[in-house]
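Breakdown of the fold
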Amino acid sequence: MEKIHGKKVFDSLGEVVDPKHTAVLVIDMQNDLAALDGIAVQVGGDVSQQRQIIPPLQRLLKVARSVGTKVVHIQVVIEQNFASVHPSWFYRYRNMTVRTPLDERIVEDTWGADIVDELAPEEGDITVKKHRVSAFIHSSLDQVLRSNGIQSVVITGTATSGCVLGTAQDAQWYDYYTVVARDCIAGGSPARNATGIALMNEGCDMPTSEELIAVWQDR
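Structure report, in brief. (Residues numbered from 1 in each chain as written. Predicted model: local features only at pLDDT ≥ 70, side-chain atom pairs only at ≥ 80, totals over all residues. Heavy atoms only, no water.)

Further remarks concern the pattern of salt bridges. In total, this model carries eight salt bridges according to the counting rule given. Across the pair Glu210 and Arg59 runs a salt bridge whose closest N-O atoms are separated by 3.4 Å. Residue Glu210 is found in helix α10 (residues 209-217), and its partner Arg59 is found in helix α5 (residues 54-67); the two are separated by 151 residues along the sequence. Put simply, Arg146 and Asp142 hold a salt bridge, and the shortest N to O gap is 2.9 Å. Residue Arg146 and its partner Asp142 are both found in helix α7 (residues 141-147); the two are separated by four residues, about one turn of the helix. Given the relative accessible area of 45%, Arg146 is considered partly exposed. (Salt bridge = Lys/Arg side-chain N within 4 Å of Asp/Glu carboxyl O. Helix = DSSP H or I, 4+ residues; strand = E, 2+ residues; numbered from the N terminus. Buried < 20%, exposed > 50% of the residue type's maximum accessible area, 1.4 Å probe, protein only.)

So, in structure tokens, the structure goes:
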């Protein structure tokens, strides 16, 4: 800890990710976006990166829970009646490279919207639903984090240049110490993954999951 202009500031990764004030955010690791038989694959998308990050993410979450770090699953959903879908989103998806009709993906209370089995929430975990790219926009995430004394977030999940990037940026704007586990994020393609990493690397700590685990186990 150091003092800057009279304010106490964490000055090491160990201080930043201290379990007593840290939460791991698992972004959108849901069947439609990360399962081999989800809608993303059915329409020609590639979820190989999402599948590759599951083992290191499983290890990270296991250790996080064991040391008392909060685990928060972010679940993006579209309501059955499209209540929160703005017309601009229909326009946006019409122009995407891999087009998925909005009424066929991550629909609330369906298998597609469920968290993948390998990362299913466990007792003590928290699930926050969202309707936009950033997990902070029009959701309860900020309230949930502050209600649990969280000062730092470790961001994982999909997609690196989309929902992960948007959430990481907003976490900083909401004044959270922001860490991204760089081997636990998936971009859909190597190029998009690299773009997201380059942007986040400017303002976030980006350790590997093993580096985070070592920090927690050395406490």
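Position of Asp28 relative to the elements: it lies in the loop between β3 (22-27) and α2 (31-34). When its relative accessible area of 1% is taken as the criterion, Asp28 is described as buried. Side-chain polar atoms of Asp28 contact the side chain of Lys130, separated by 3.1 Å. Asp28 has contacts with Leu33, Ile74, Gln75, Val76, Lys130, Thr158 and Cys163, leaving out every residue within four places of it along the chain. (Polar contact = N/O pair within 3.5 Å; in protein donor to acceptor, adjacent residues only side chain to side chain. Contact = heavy atoms within 4.5 Å.)

In short, geometric facts, not functional conclusions.
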